[in-house]
Every structure is written in structure tokens, then in C-alpha cells.
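Residues per chain, in single letters:
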Amino acid sequence: MTNKGEINLNIGIDKIGFYTPHTFIDMVKLAEARGVDPAKYTIGIGQEKMAVSPVTQDAVTLAANAALRILDEEDLEKIDLVVFGTESGIDSSKAAAVYVHDLLGIQSRARSIEIKQACYGATAGIQLAKGHIALHPESRVLVLGSDISRYGLNTPGEVTQGAGAVAMVISADPRILSLGDQSAYLTNDVMDFWRPTYSDTAYVDGKFSNEQYISFFLNTWKQFKSQTDLSIKDFEAMCFHLPYTKMGMKAMREIFVEGTSEDEERLTRHYKNSTLYNKTVGNIYTGSLYLSLISLLEQDETLKPGDRIGLFSYGSGAVGEFFTGILQPEYKEALAEAEHAKLFAEREEVSIEEYEEIFSEVLPVDGSNLQLTIENDPAMICVAGIEEHKRIYVNKNR
Ligand code: HMG
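What counts as what
Within every chain, residues take consecutive numbers counted from 1 along the sequence as written. Only residues with pLDDT of at least 70 get local features here, since the model is predicted, and only at 80 or more are side-chain atom pairs given and counted; chain-wide, interface and lining totals rely on the full set of residues. Each side-chain value is derived from all of the structure's non-hydrogen atoms; neither hydrogens nor water enter the calculation. For this document, the term salt bridge refers to a Lys or Arg side-chain nitrogen within 4 Å of an Asp or Glu carboxyl oxygen. Runs of E in the DSSP output that reach at least two residues are strands. Runs of H or I that reach at least four are helices, and both are numbered from the N terminus. The rule is simple: take the accessible area with a 1.4 Å probe, protein chains only, and divide by the maximum for that residue type; under 20% is buried, over 50% is exposed, in between is partly exposed. UniProt positions are given in the numbering used here, feature names are shortened, and annotations may be inferred rather than shown by experiment. Only strands joined by at least two bridges in the DSSP assignment are considered to pair. Confidence of the predictor at the level of single residues is captured by pLDDT, which takes values from 0 to 100. When checking whether two residues touch, look at their non-hydrogen atoms; a contact exists if any pair is within 4.5 Å. Note on definitions. A residue lies near a molecule or strand when any single heavy atom of the residue is within 4 Å of it. The term polar contact refers here to a pair of N or O atoms within 3.5 Å; inside protein, the definition further demands a hydrogen-donor-capable atom paired with an acceptor-capable atom, and it admits residues adjacent in sequence only when both atoms are side-chain atoms. In short, Shrake-Rupley with a 1.4 Å probe defines the accessible areas, and a residue's cover is counted only from the protein chains shown. Helix axes use the C-alpha atoms of the stretch in contact, all axes being lines fitted to C-alpha atoms, and the angles between their N-to-C directions lie in the range 0 to 180 degrees. In this scheme the handedness of a crossing depends on how the near helix is turned from the far one: anticlockwise by less than a right angle means left-handed, clockwise means right-handed. Side-chain classes follow a simple rule in which Ala, Val, Leu, Ile, Met, Phe, Trp, Tyr, Cys and Pro form the nonpolar group, Asp, Glu, Lys and Arg form the charged group, and the remainder, Gly included, forms the polar group.

**A few points about the pattern of salt bridges**
Phase 1 of the analysis: One pass over the structure, following the stated rule, counts 19 salt bridges.
Phase 2 of the analysis: Residue E74 is joined to K78 by a salt bridge in which the shortest nitrogen-to-oxygen separation is 3.5 Å. With E74 and K78 both in helix 4 (residues 73-78) and 4 residues apart, this pair spans about one turn of that helix.
Phase 3 of the analysis: Judged by relative accessible area, E74 falls into the partly exposed class, the value being 42%.
Phase 4 of the analysis: Among the ionic contacts, a cluster of salt bridges with common partners joins K15, D72, E74, D75, K78 and R140.

**Here we look at the UniProt feature "domain: Hydroxymethylglutaryl-coenzyme A synthase N-terminal" (unreviewed entry) in the protein chain**
Phase 1 of the analysis: When the UniProt feature table is mapped onto this chain numbering, "domain: Hydroxymethylglutaryl-coenzyme A synthase N-terminal" (unreviewed entry) sits at residues 10-173.
Phase 2 of the analysis: Segment residues 10-173 splits into 34% helix and 30% strand. End C-alpha atoms: 5 Å apart.

**A closer look at the pairing of strand 1 (residues 11-19)**
Phase 1 of the analysis: In terms of burial, strand 1 is a largely internal element, 9 of the 9 residues being buried.
Phase 2 of the analysis: Two elements, strand 1 and strand 7 (residues 162-172), share 8 bridges in a ladder whose sense is antiparallel. Bridging from a neighbouring strand, G17 pairs with A167 of strand 7.

**Remarks on the confidence of the model for the protein chain**
Phase 1 of the analysis: Per-residue confidence for the protein chain gives a mean pLDDT of 96; residues scoring 70 or more make up 98%.
Phase 2 of the analysis: Taken together, the stretch residues 1-7 has pLDDT below 50 and engages in 15 contacts with residues farther than four places along the chain or on a different chain.

**What to know about the site of the ligand**
Phase 1 of the analysis: As a matter of local geometry, the ligand sits amid 30 residues, with E87, C119, P156, K246 and K250 nearest to it.
Phase 2 of the analysis: K40 has a polar side-chain atom sitting 2.8 Å from an oxygen atom of the ligand.
Phase 3 of the analysis: N283 places a polar side-chain atom, nitrogen or oxygen, 3.1 Å from an oxygen atom of the ligand.
Phase 4 of the analysis: Across the complex, the protein chains shield 76% of the 1100 Å² of accessible surface that the ligand would expose by itself.
Phase 5 of the analysis: Of all the elements in the fold, those that place two or more residues in the shell around the ligand are helix 2 (38-45), helix 7 (206-227), helix 8 (245-252) and strand 12 (308-315).

**Observations regarding the packing of helix 9 (residues 261-279) against helix 10 (residues 288-299)**
Phase 1 of the analysis: With their axes 7 Å apart at the nearest point, helix 9 and helix 10 run at an angle of 120 degrees to one another. By crossing handedness, the relation of helix 9 to helix 10 is classed as right-handed. Seen from helix 9, the contacting residues are H270, N273, S274, T275, L276, Y277 and N278; seen from helix 10, they are S288, L291, S292, I294, S295, L296, E298 and Q299.
Phase 2 of the analysis: Here the residues of the contact of helix 9 with helix 10 are counted per class, giving 5 nonpolar, 9 polar and 1 charged.

Spelled out as C-alpha cells, the structure:
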């Protein structure tokens, strides 16, 4: 028997890695180009830089590049389920996970699937992975969240674009975060953000989407408390899906009335660290919550093993979930901090004009073939072109 809210199966995140394309723009320069006060973007929205994805990267390659950083030979042998959460998938039939499975060389006795529900997809993948590990404790599951966020040039959503992927290995006795068995979730059919199959940019009702996000957070938080004995004081930190870094704070500050000034100070202090990476990447949709988690774990020196972290996942449309994890004794050693520091350090800034050109470079949709130059893209795994309606992927290491 366990108490309400207590973790009774030690399943969770064993490894976590991240990838973002090598080019970015500065938000102050974007604001100047759009005739907006830069403080609106840097303070009002809370973004400093935005990843810009070249045509040689897509959701598949971003995810494969993220996973490449964390998987070893033993993972390739033990992974028997690959779950790919994305809302910028490249095919209406074939799962992006199948391409990644091949590009990484994962053993063939595996299930590989794609999950879609806006930014919630990777969280659904984690929950599926937990069930799989509970039945097969020796297995490992690769969960991917990978997206390129596109609203369009000169749109209100432009400042909240981004590109990147997070890869996680879910296993028994994880080294980073043990996930709780209690979880609060909610579905409600709302049209706050969507992307019809004929459009490569999203449609959004911006203000409504902010309201829905907060409402889903408050609803799932309330539900979570009623399912457990936990309250605000039990959380050392909280991580949020971050479409832009002010969004999570807008939601979190709604519950500060439930705690003391120490609770508010502690959660705010950790929140800042949980937004550092997202501030310089932008919205990566499915991977966004987990990028925030990586940012917190790698940049926050005051966290310690045993700390409880709350996680709020939101996917427009909408599905929300609030769940928790406990930091494991060796979590610091299991992170890929040096890899991520190198990735950020090697990025190149492009001008707003260059970004606009890159944004307009898309793969043909009329069935014609195209060969791309991948030499300028430092990523190990790239899209090399399209031939007879098939994307050509290259792993430069093979
Ligand atoms: P907007 O209309 O351009 O901006 O849209 P605004 O006028 O609402 O201003 C934004 C903030 O900047 C406001 O702060 C202003 O006061 C402030 P707030 O009231 O919100 O605290 N501001 C300034 N601050 C300092 N100095 C200044 C200044 N001027 C204004 N000079 C919006 C903003 C986010 C709505 C837009 O960019 C958008 O539509 N983005 C896309 C939708 C989105 O990100 N929604 C978030 C919730 S939904 C979600 O998270 C799911 C999603 O990830 C998709 C999925 O699930 O797949 C999007």
C-alpha cells in the first residue's frame, strides 16, 4: 500500500537530450524590423533569441539529432518502443518514429509510432512509455518531441516561433527523474490554435489560447491536489509548457495565493532557471516543457536529489496534464549539460532578411524532385532532398 500521491513504481526519465538548428535571430532586431518596441518581445513576451530552421532540417532530423546525443549501444539494443510526438510531421501515413528508428540504428524488434495532440504529444508518449515499462521492466522507451513552429512572417504569433527537439529515454530505475503515478488530465474541445492539413502555418486565437492555457492549468492543478495530499509547499519547482517564457509565469502566479511568500520566492527563483534555454530557442511545441525541464536541471545549482518538480503540459485544442517527478540521487551526472552548452555556443546569428529568406525556402509540394546542399548544415542528420515524393535523409556518420 502507498499513500495518496506517493510514487509506487520507479519509472521515469533516465536520459534527456536536446537539439536546435544552428541558426537563430535576435528578438530586439526582429522587433526593430517589425516596428515594435523591443521591450514587448523581450519583457512582454520574454524571448531573447529564436531558432531558425534551415530547409535541411525537419521534425524527423531534429529529433534524430537530439537522440543521437544521448543514446549508447545498450540503449540501441534495449529500446523496443519509439514514440514520436509532433505537430509538424512530414507524412500523413508513415510515422516519423520509423525514420528515426532507422537513422539511429535501433534494433528491429521495436514498435515505432507517432502521436499527435498539439504540444501535448510527448507527454502522451511518456505516459504510454510508463505503462510499457510497467509491463516490461527491462525495456527502454525512446520518447521524442520535435517541431518547427511556424505562424508566418509579420503575424502576431511570429515572435513565438522556434524549432527544436527533445529526446528522452524512459526506463525503470531512472537516473534523472522518477515520475509519480498520480496525474491530473483534462480534454476540452476548444479552437484556440490549430493547423489545417492544407496549411504549413498555424491558425491561432492568441488571447483565447492564453486564457485556455491558464484555465487548463488551474483545472488540472485543482484536480491533482484532490487526488493527492500534496499542496504548493511540497513543490520545489514547477516546469511549464513554454510557448513563450512569460506564459508559464502567468499561470503559476495564479496559485501563489495558496502559499506563503517563501513558496512564491522559491518557485519564482527556479522558474527563471527553467526558462533560460526556452528564451533563446522559442516555442518548440511538443518538446517545450521538456526543454524547460532540461534548462532547470542544468542551470539551477540549488536543486537537490529528492526535490519534487511539478510539470504542466498543454496542447492546444486542447489537452492538459499536471504530473510530478522526484529528482534522483545521480541526476546531475546523467545530464548532457556539456553537449548542450556546446550546441548553444556554436549557433550562428542570421539577419532578419536572411531569416525571411530561410523561412520562405520550403520543400516542393507539387511532387517535383529537389536536391539540397547539406554541407552548410553542421547537423549530423539532415534532409538531403526529395525524390519521387520521398524525403532523403542522411546520417553523415554512416
Ligand atoms: P500580441 O497581441 O502581439 O501581444 O500577442 P499583447 O498585446 O498581448 O502583448 C503581449 C504582452 O506584452 C502583454 O503582457 C503586454 O502588456 C506586453 P501581458 O498582458 O500578457 O502580461 N507588452 C509590453 N511589455 C513591455 N514593454 C512593452 C510592451 N508592449 C506590450 N513596450 C500572443 C501575443 C502571445 C497572443 C501572440 O504572440 C500569439 O498569438 N502567439 C501564439 C499563441 C500562443 O503562443 N499562445 C500561448 C498559449 S497556447 C499554447 O501554449 C499552445 C501552443 O504552444 C500550441 C500547441 O499546443 O500546439 C501555442
